[in-house]
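One letter stands for each residue in the lines below.
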Amino acid sequence: MADLFSPVRLGDVDLANRVIMAPMTRDRAGPDDEPTDLMVEYYRQRASAGLIVTEGTQPSPTGKGYWRTPGIHSPAQVAGWARVADAVHQAGGRIAMQLMHVGRASVRANKAPGAETVAPSAIASPDPIPGPDGVPVPTEMPRALHTGEIAAVIAEYVTAARNAREAGIDAVELHCASGYLPMQFLSSNSNQRADAWGGTVARRIRFVVETLSAMAAAIGPGRVGLRICPGVTFNGMADADPEETYAALLRAIDGLGLAWCHLIHVPNPGFDALDLVRANWSGPIIENGGLTHDKAQALIASGQADAVSFGYAYIANPDLVERLRTGAPLAKADRTTFYTGHGDDARGYTDYPTCAAD
Ligand SMILES: Cc1cc2nc3c(=O)[nH]c(=O)nc-3n(C[C@H](O)[C@H](O)[C@H](O)COP(=O)(O)O)c2cc1C
């Protein structure tokens, strides 16, 4: 029987165990949005995960919305990520990069001068986002992408996926959750386009289907995953019928042979998101959200998920796999240091000890 600590293959990537570090934005990139020495150390410390999924990483300056998030569009950024990938590989781990284009969930002061805020429609996100000093400010009204511009946005993701592979990153994950650009295309309230990229369900899913297809064609489908959270309301998402939207999306991409579908599982009235994924997707599933050892183990043992991911627990427990294996207590993360916005701030980042050092 499969358990949390048994190996698994997700697409073209072989994992030593099924415990995955969930993607987490930590706002500590360097001044040019490049990974720093501290980030190399942070990811190296967590390399015993079967797979690390990096923090959301912007494919272009336009895709940035938060302060000090890393990019994968400049040579310095690619070089920085190569050092991260190398450190994780040297420690025996595997690493995927989450590609995150924020779309309308953006504050101008956090972006490079001249970088625009774009979205499917000119509808602002109602949720404020922290500015450079950490104080939340209203997001910017986005400019609706012209029909002829959408191919170039997809091309940014393709270049980013290629750059990630050039840096030695094992795979990429398209962030289609949490109200960022792909989800803005998926959700009926944020996508009110009248062209072939909005309106009907088939048109709202098109951006994600075409982006995943293009990335798969560029680096191989076995190195491309996606992350979804049907029904989440974060960053102003309010899809009229998430069950219908995500069933259609998953059916449309099921034949691509992608590496995984990573589900952030939130409760939904009327449907269960894991059941929805299992009914419409035949590839590997990573389940996430509020898991304990026992819940995670049950999901793997029953075959409901191929792997599980942990967010909060990975902040304060760099050796989470070992703690889960031995039943050692889990350390609690300090929320005040989740996003410090300083590239050299090790507090609450690389200073959590392993169990052996406790
Ligand atoms: C500090 C922090 C930053 C996060 N950043 C991201 C992110 O960049 N991309 C993403 O998909 N999810 C992000 N998440 C969500 C986590 O990946 C995960 O889905 C969530 O924490 C629930 O899992 P958990 O209950 O194991 O923590 C973040 C969560 C936290 C706590």
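The following paragraphs examine the structure supplied in this document. (Residues numbered from 1 in each chain as written. Predicted model: local features only at pLDDT ≥ 70, side-chain atom pairs only at ≥ 80, totals over all residues. Heavy atoms only, no water.)

1. Topic: the overall build of the protein
Line of reasoning, step 1. Secondary structure assignment for the protein yields 11 helices and 14 strands.
Line of reasoning, step 2. Against the globule reference of 21 Å for 358 residues, the protein gives a C-alpha radius of gyration of 19 Å, in line with a compact fold.
Line of reasoning, step 3. Burial analysis of the protein (358 residues in total) assigns 60% to the buried set.
Line of reasoning, step 4. Put simply, of all contacts in the protein between residues at least 6 apart along the chain, 70% involve residues at least 24 apart.
Line of reasoning, step 5. With an accessible surface of roughly 13200 Å², the protein has 55% of that area assigned to carbon and sulfur atoms.
Line of reasoning, step 6. Counting 30 positive and 39 negative side-chain charges, the protein places the centres of these two groups 1 Å from one another. (Helix = DSSP H or I, 4+ residues; strand = E, 2+ residues; numbered from the N terminus. Rg over C-alpha atoms; globule rule 2.2 N^0.38 Å. Buried < 20%, exposed > 50% of the residue type's maximum accessible area, 1.4 Å probe, protein only. Contact = heavy atoms within 4.5 Å. Areas by Shrake-Rupley, 256 points an atom, 1.4 Å probe, with all protein chains shown as cover. Lys, Arg positive; Asp, Glu negative; His and termini not counted. Charge placed at Lys NZ, Arg CZ, Asp CG, Glu CD.)

2. Comments concerning the pattern of salt bridges
Line of reasoning, step 1. What the rule picks out here adds up to 13 salt bridges.
Line of reasoning, step 2. Here Arg83 makes a salt bridge to Asp37, at a shortest N to O gap of 2.8 Å. With Arg83 in helix 2 (residues 75–90) and Asp37 in helix 1 (residues 37–45), the pair connects residues that are 46 residues apart, well separated along the chain.
Line of reasoning, step 3. Under the relative-accessibility criterion, Arg83 is labelled partly exposed at 40%.
Line of reasoning, step 4. For Asp37, a relative accessible area of 56% puts it in the exposed group.
Line of reasoning, step 5. Arg44 is the partner of Glu41 in a salt bridge, and the nearest nitrogen-oxygen pair spans 2.8 Å. You can see Glu41 and its partner Arg44 sitting in helix 1, 3 residues apart, about one turn around the helix.
Line of reasoning, step 6. Arg44 gets classed as partly exposed once you look at its relative accessible area, which sits at 37%.
Line of reasoning, step 7. Through salt bridges with shared partners, a single network forms among Glu116, Arg143 and Glu149. (Salt bridge = Lys/Arg side-chain N within 4 Å of Asp/Glu carboxyl O.)

3. Some details on the packing of aromatic side chains
Line of reasoning, step 1. Per the counting criterion, the structure on display carries 8 aromatic pairs.
Line of reasoning, step 2. Taken together, a centroid distance of 6.1 Å and an interplanar angle of 80° make the contact between Tyr66 and Tyr180 edge-to-face. With a gap of 114 residues between them, Tyr66 in the loop between strand 4 (51–53) and helix 2 and Tyr180 in the loop between strand 10 (171–175) and helix 4 (181–186) connect regions that are remote in the sequence. Note on accessibility: Tyr66 and Tyr180 belong to one class, buried.
Line of reasoning, step 3. Ring plane angle 85° and centroid distance 6.2 Å describe the contact between Phe338 and Tyr339, whose orientation is recorded as edge-to-face.
Line of reasoning, step 4. For Phe338, a relative accessible area of 8% puts it in the buried group.
Line of reasoning, step 5. Relative accessible area serves as the criterion here: at 52%, Tyr339 is assigned to the exposed category.
Line of reasoning, step 6. Through a chain of ring-to-ring contacts, the aromatic side chains of Tyr42, Tyr43, Trp81 and Tyr349 assemble into a single cluster.
Line of reasoning, step 7. The cationic tip of Arg206 hangs over the ring face of Trp197; the distance from NZ or CZ to the ring centre is 3.8 Å. (Phe/Tyr/Trp six-rings, centres within 6.5 Å; stacked < 30°, edge-to-face > 60°. Lys NZ or Arg CZ within 6 Å of the ring centre and 35° of its normal.)

4. Describing the nonpolar core
Line of reasoning, step 1. One finds Met215, Ile228, Leu249 and Phe310 to be the most contacted residues of the largest nonpolar core, which totals 95 residues.
Line of reasoning, step 2. Sort the elements by how many residues they give to this core and helix 3 (residues 150–166) lands first, with 8 residues.
Line of reasoning, step 3. If we skip the residues at most four places from it in the chain, Ile228 touches Cys176, Ala177, Tyr246, Leu249, Leu250, Cys261, His262, Leu263, Ile264 and Val277.
Line of reasoning, step 4. Leu10, Leu15, Ile20 and Ala307 belong to the second largest nonpolar core, which has 13 residues in total. (Core = buried A, V, L, I, M, F, W, Y, C linked by side-chain atoms within 4.5 Å.)

5. Details of the site of the ligand
Line of reasoning, step 1. The local shell around the ligand holds 17 residues, among which Pro23, Thr25, Asn288, Gly290 and Tyr312 are the closest.
Line of reasoning, step 2. One nitrogen or oxygen atom from the side chain of Gln98 is found 2.7 Å from a nitrogen atom belonging to the ligand.
Line of reasoning, step 3. The side chain of His175 places a nitrogen or oxygen atom 3.1 Å from an oxygen atom of the ligand.
Line of reasoning, step 4. About the coverage of the ligand: the protein hides 86% of its 610 Å² of free accessible area. (Near = heavy atom within 4 Å. Polar contact = N/O pair within 3.5 Å; in protein donor to acceptor, adjacent residues only side chain to side chain.)

6. A closer look at the side chain of Ser6
Line of reasoning, step 1. If you trace the backbone, Ser6 turns up in the segment before strand 1 (8–10).
Line of reasoning, step 2. Here Ser6 falls in the buried class, since its relative accessible area comes to 15%.
Line of reasoning, step 3. Among the polar contacts made by the side chain of Ser6, one reaches the main-chain carbonyl oxygen of Asp3 at a distance of 2.7 Å.
Line of reasoning, step 4. Engagement of the side chain of Ser6 in a polar contact is seen with the side chain of Arg18, the distance being 3.0 Å.
Line of reasoning, step 5. Ignoring sequence-local partners within four residues, the contact set of Ser6 consists of Ala16, Asn17 and Arg18.

7. Digging into the layout of surface pockets
Line of reasoning, step 1. In this structure, the second largest pocket spans a volume of roughly 190 Å³.
Line of reasoning, step 2. Surrounding the second largest pocket, Pro31, Asp32, Asp33, Pro61, Lys64, Trp67, Arg68, His73, Gln77, Asn110, Lys111 and Ala112 form its lining.
Line of reasoning, step 3. In terms of residue class, the lining of the second largest pocket is built from 4 nonpolar, 3 polar and 5 charged. (1 Å grid on protein atoms, 1.4 Å probe; cavity = no way out; pocket = protein on both sides within 12 Å on 5 of 7 lines; lining within 4 Å. Points joined across faces, edges and corners; volume = space filled by probe spheres on them. Nonpolar A, V, L, I, M, F, W, Y, C, P; charged D, E, K, R; others polar.)

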